[in-house]
2 protein chains.
Amino acid sequence: MENIQLTPVEGGICAPQGFSAAGVHCGIRHNHSKPDLAVIKADVRCTGAACYTTNKVYGAPITVDREHLADGYAQAIVVNSGNANTCAPNGIQLAKDVCALTAQALGVAEADVLPASTGVIGQAMSIEPFEAGVPDAVSKLDSSPAGSLAAATAIMTTDTHPKQAAVEFTLGGKVCRLGAIAKGSGMIHPNMATMLLFMTTDAALSHEVLQKALSEVVPATFNQISVDGDTSTNDTVLLLASGLAGNASVAADSEDYTVFVAALTKVAEQLCRELAGDGEGATKLLECTVTHAPTLEVARAVSKSVIHSSLLKAAMFGADANWGRVLCAIGYTPGDFSIDRTAVRLRSKAGEVFVCENAAYHPYSEEEAAKVLKEDEIDILVDLGCGDAEAKAWGCDLTYDYVKINGDYRT
Amino acid sequence: MENIQLTPVEGGICAPQGFSAAGVHCGIRHNHSKPDLAVIKADVRCTGAACYTTNKVYGAPITVDREHLADGYAQAIVVNSGNANTCAPNGIQLAKDVCALTAQALGVAEADVLPASTGVIGQAMSIEPFEAGVPDAVSKLDSSPAGSLAAATAIMTTDTHPKQAAVEFTLGGKVCRLGAIAKGSGMIHPNMATMLLFMTTDAALSHEVLQKALSEVVPATFNQISVDGDTSTNDTVLLLASGLAGNASVAADSEDYTVFVAALTKVAEQLCRELAGDGEGATKLLECTVTHAPTLEVARAVSKSVIHSSLLKAAMFGADANWGRVLCAIGYTPGDFSIDRTAVRLRSKAGEVFVCENAAYHPYSEEEAAKVLKEDEIDILVDLGCGDAEAKAWGCDLTYDYVKINGDYRT
């Protein structure tokens, strides 16, 4: 991927050609200052791809997404925060009614609208707020960066800031863009992807190739985030490709495919860092990079195990270089691999300390380590010394505020 | 098990005939008021059984235990707190040296001494404190309940109180006893058993039958505890049987075997509740009982998943009946089972609320639920409605103090 040109650009989901977005307050939430409804519209019918939670309990919108994406096409996304529409009475019909309202307001087919919801599980959701809210959002659709920002803001729950990313790249001589918005914060341990993530591109790809690319990138990126080990019921990634960039449709395993996957990975990794760093109560982003693992599966599992350890997360909050907890978390990772040659380094912009060599103590200065760990982005570098595979995972520290936020979420 | 007579008795590991114990401060810890060394002695050579952590990183004492228990016999246990002797230089030789000191002071064979350690990982441990400490502990060996209490106190780390249990039962007309001491608190998510747990019995059982019984009880009890999802490197259960009760050696699959397993289960469950309820920072004990599961594996996995959910643990701290988090944790449990008929009830001594039926909201009073959840022991009752298997798991709430304790454990 080193020689693939990927240029960050502004505008999130509105960066690619042919997409507009809006976010409004429609009354699902009681707090009038918090937007709770977003609409994303494509000017043309798009190929679509999706990944969903693997939780056996899943939101009603996911059932409808599967149905509406069965033909591989979609043209709009409608999302609410404040209620997950999961284990709620009449949820599937309600999600379909929301799609119908959106389709009517946009003048598109109902089966081309994809719904998504995030918020409390198990509470009945009412159609009323959507009846005025959807037309209001549609009237405010905006293809400038402001549209993406408004949508990114409306899908937030306990997130402290909206999350967006976009890159520019070239396919077959045509300039293409890929953009995304995301929300995360709690119940983040995706087994698929993070909470809600919506991506757009103006590149042309068939539904099959788009899904292949998404399915390839998700396990390496969003599935490698953990805030609290809880896999949500509503995790959803939706990706729409408008084809308006004018490139020839990307063939699987072509050079263009490699470029597109690189672009998708870059946007995904940026949002992984944002999602993990803004985990509920977090004060620090943790990134664990595992190198020289015997297999990709081991590399992914070890890195995720490390950033998922409550003990390590609490130690990072306390800027305590308790490397034994890193080793412990490596050790309880399932799978057959040797830990004898494991080396661990802790790094931040304040420096790097080498704390463990051959699975045992490596002399370091506690003072130096504390300085490194006081920063707000910490890299945990694990070298297993027994292969060529590598992977990253992203998490955050465990803080008083996580307990506070979740001890009283519903009130 | 209903018609098996099991009578709780005092005295912990000293309740059975032929065992004495002691706990002293020898200087591994800087705090002189905290005992850090325990010795447990049997008057006769015992059959022994053990279970250890499945963590790929494991303490040096576990290597020595495996070697010393290879013949199925042991006569003493020596345990220190304050240093886990794990990933520490020269750890195995040091554990053997501690056994040699203990063997000499007790007049038993070195290969009949089983070592155990708990505390910080990765720090060198010195033999010096043991040189005076072991003879000191041996001089204080006491077969009264005070001896068990002293040993239970010496093995504590962040535990807030010593943990003991003992029961009396009858095998072939002979009165037998089984006793135990345990320590837990943090890094508690045993995949084997809880941290350190030492059990004694005066019943006669061969090494093979004793190990069979222990291996049967551990998955249903200690492996079903979770404080923080971190499987320690030093988890160890050791069980010694002196045979001094005079019963005929228990045959596998006999009636006596059933009685012994019932006794072992009773002591184990009592300590599970104590270990979980005294988890680091805990204010509440959580017990999740899963009934009508399709298989035992699903029952165990679901109950453990529920009490392991950080979100649920934080909700319980806040006395918030957020049953969606229970359902979410059931839903991400691995395995193939249906959740459609799931019912959830929350119970404490203040009452019971029925919060979820057929995987959806069941009307209840939030006021009543808050009253139930303000108690310090909460039962979470999950009925999967699709089989006959059942299991329990034990955990605790997630609190500010967990973060505080682990943000700065080493200082």
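Residues numbered from 1 in each chain as written. Chains lettered and ligands numbered in written order. Predicted model: local features only at pLDDT ≥ 70, side-chain atom pairs only at ≥ 80, totals over all residues. Heavy atoms only, no water.

Topic: the UniProt feature "binding site: substrate" (unreviewed entry) in chain A
All names here are of chain A. Applied cut-off: UniProt positions are given in the numbering used here, feature names are shortened, and annotations may be inferred rather than shown by experiment. Under the scheme applied here, a residue whose accessible area is under 20% of the maximum for its type counts as buried, over 50% as exposed, and between as partly exposed, the area being computed with a 1.4 Å probe on protein chains only. We call two residues in contact whenever any of their non-hydrogen atoms come within 4.5 Å of each other. Contacts described as polar in this section are N or O atom pairs within 3.5 Å, which, within protein, must combine one atom able to donate a hydrogen with one able to accept it, while residues neighboring in sequence count only if both atoms come from side chains. Strands are runs of DSSP state E lasting at least two residues, helices are runs of H or I lasting at least four, and both sets are numbered from the N terminus onward.
Here, the residues flagged by UniProt with the feature "binding site: substrate" (unreviewed entry) are Thr-157, Lys-183, Thr-194, Glu-280, Asn-406 and Thr-411. Here Thr-157 falls in the buried class, since its relative accessible area comes to 17%. Among all residues touching Thr-157, those that are not within four sequence positions of it are Arg-29, Ser-81, Thr-118, Gly-119, Lys-183 and Gly-184. One polar contact links Thr-157 to Lys-183, side chain to side chain, over a distance of 3.0 Å. Mapped onto the fold, Lys-183 is located in strand S7 (residues 174-183). A polar contact of 3.2 Å, which involves the side chain of Lys-183, links it to the side chain of Thr-118.

Side note on the relation of the copies chain A and chain B
Threshold: When the copies are superposed, the least-squares fit takes in the C-alpha atoms of residues with a pLDDT of at least 70 in both.
Relative to chain B, chain A is turned by 180 degrees and slid 0.0 Å along the rotation axis, the superposed coordinates differing by an RMSD of 0.0 Å. Both chain copies can therefore be described as sitting about a two-fold axis. Across chain A, the rotation axis passes nearest the C-alpha of Tyr-400 of chain A, at a separation of 2.6 Å. Interface overlap between copies is the fraction of interface residues in one copy that are interface residues in the other; for chain A against chain B it reaches 100%, indicating a shared surface.

A few points about the pattern of salt bridges
For clarity, the threshold we go by: Counted as salt bridges are all cases of a side-chain nitrogen of Lys or Arg within 4 Å of a carboxyl oxygen of Asp or Glu.
Following the criterion strictly, the structure yields 30 salt bridges over all chains and no others. For Lys-212 of chain A, the salt bridge identified is with Asp-253 of chain A, shortest N-O distance 3.6 Å. In this pair, Lys-212 of chain A sits in helix H5 (residues 207-217) while Asp-253 of chain A sits in the loop between strand S10 (236-241) and helix H6 (255-277), placing the two residues 41 residues apart along the sequence. Taking the relative accessible area as the measure of exposure, Lys-212 of chain A reaches 33% and is therefore partly exposed. Judged by relative accessible area, Asp-253 of chain A falls into the exposed class, the value being 62%. Put simply, Arg-45 of chain B and Asp-71 of chain B hold a salt bridge, and the shortest N to O gap is 3.1 Å. Of this pair, Arg-45 of chain B sits in strand S3 (residues 37-52) while Asp-71 of chain B sits in the loop between helix H1 (60-68) and strand S4 (73-83), and the two are 26 residues apart along the sequence. Here the salt bridges share partners, and the residues they tie into one network are Arg-273, Glu-287, Glu-377 and Lys-392 of chain A.

Some points on the pairing of strand S10 (residues 236-241) of chain B
All names here are of chain B. Which entries qualify depends on this criterion: Paired strands, in this sense, are two strands between which DSSP finds at least two bridges.
Counting buried residues in S10 gives 6 out of 6 residues, a clear majority hidden from the surface. Burial along S10 is two-sided: the residues Thr-236, Leu-238 and Leu-240 and Val-237, Leu-239 and Ala-241 are all buried. Inspection of the sheet shows S3 paired to S10 by 6 bridges, in the antiparallel sense. Its bridge partner being in S10, Gly-48 is matched across the sheet by Leu-240. One ladder, built from 6 bridges, connects strand S8 (residues 196-201) with S10; its direction is parallel. Residue pairing across strands places Thr-201 opposite Ala-241, the latter belonging to S10.

As for a negative patch on the surface
All names here are of chain A. Heads up, the condition is: Two joining distances apply to patches: 9 Å for like charges and 5 Å for nonpolar side chains (Val, Leu, Ile, Met, Phe, Trp, Tyr), and every residue must have over 30% relative accessible area and no salt bridge. Here, Shrake-Rupley sampling with a 1.4 Å probe gives the accessible areas, and only protein chains in the shown set may cover a residue. For this count, His and the chain ends are skipped, Lys and Arg are scored as positive, and Asp and Glu as negative. In plain terms, the charge of a residue is placed at NZ if it is Lys, CZ if Arg, CG if Asp and CD if Glu.
A contiguous patch of negative charge, built from Asp-97, Glu-110, Glu-128 and Glu-131, is present on the exposed surface. Following the sequence through the fold, Glu-131 ends up in helix H3 (residues 128-139). For Glu-131, a relative accessible area of 44% corresponds to the partly exposed category.

Let's talk about unusual backbone geometry
Residue and element names in this part refer to chain A. The phi angle at Ala-319 is positive, at roughly 50 degrees, despite the residue not being glycine. Tracing the backbone through its elements, the reader meets Ala-319 in the loop between helix H8 (310-317) and helix H9 (323-331). Although it is not a glycine, Ala-359 adopts a positive phi angle of roughly 60 degrees. Along the chain, Ala-359 turns up in the loop between strand S13 (351-357) and strand S14 (360-361).

Concerning the interface of chain A and chain B
How big an interface is tends to be expressed through the accessible area that disappears when the partners come together. Quick note on the threshold: By definition, the buried area sums, over both parts, the 1.4 Å-probe accessible area that each loses when the two are put together. Residues were grouped as follows: Ala, Val, Leu, Ile, Met, Phe, Trp, Tyr, Cys and Pro as nonpolar; Asp, Glu, Lys and Arg as charged; and all remaining residues, including Gly, as polar.
Each partner contributes residues to the interface: chain A has 51 residues there, and chain B has 51 residues. Here chain A and chain B share an interface that buries about 4100 Å² over both sides, 59% of which is from carbon and sulfur atoms. In this assembly, chain A and chain B are joined by 0 salt bridges. Within the residue set of the side of chain A that touches chain B, elements represented by two or more residues are H8, H9, S14 and helix H11 (400-407) of chain A. By residue class, the composition of the side of chain A that touches chain B is 25 nonpolar, 17 polar and 9 charged.

So, the packing of H8 of chain A against helix H11 (residues 400-407) of chain B
Operational definition: Every angle, taken between N-to-C directions, lies between 0 and 180 degrees, and every axis is a line fitted to C-alpha atoms, over only the stretch in contact when it is a helix. If an angle is under 35 degrees, it is roughly parallel; if it is over 145, roughly antiparallel; if it lies from 65 to 115, roughly perpendicular; otherwise it is oblique.
Relative to each other, H8 of chain A and H11 of chain B sit at 70 degrees, their axes nearing to 7 Å. The angle between H8 of chain A and H11 of chain B places the two elements in the roughly perpendicular class. For the pair H8 of chain A and H11 of chain B, contact is made by Ser-310, Leu-311, Ala-314, Ala-315 and Phe-317 of chain A and by Tyr-402, Val-403, Asn-406 and Gly-407 of chain B, respectively. Its residues assigned to classes, the contact of H8 of chain A with H11 of chain B comprises 6 nonpolar, 3 polar and no charged.

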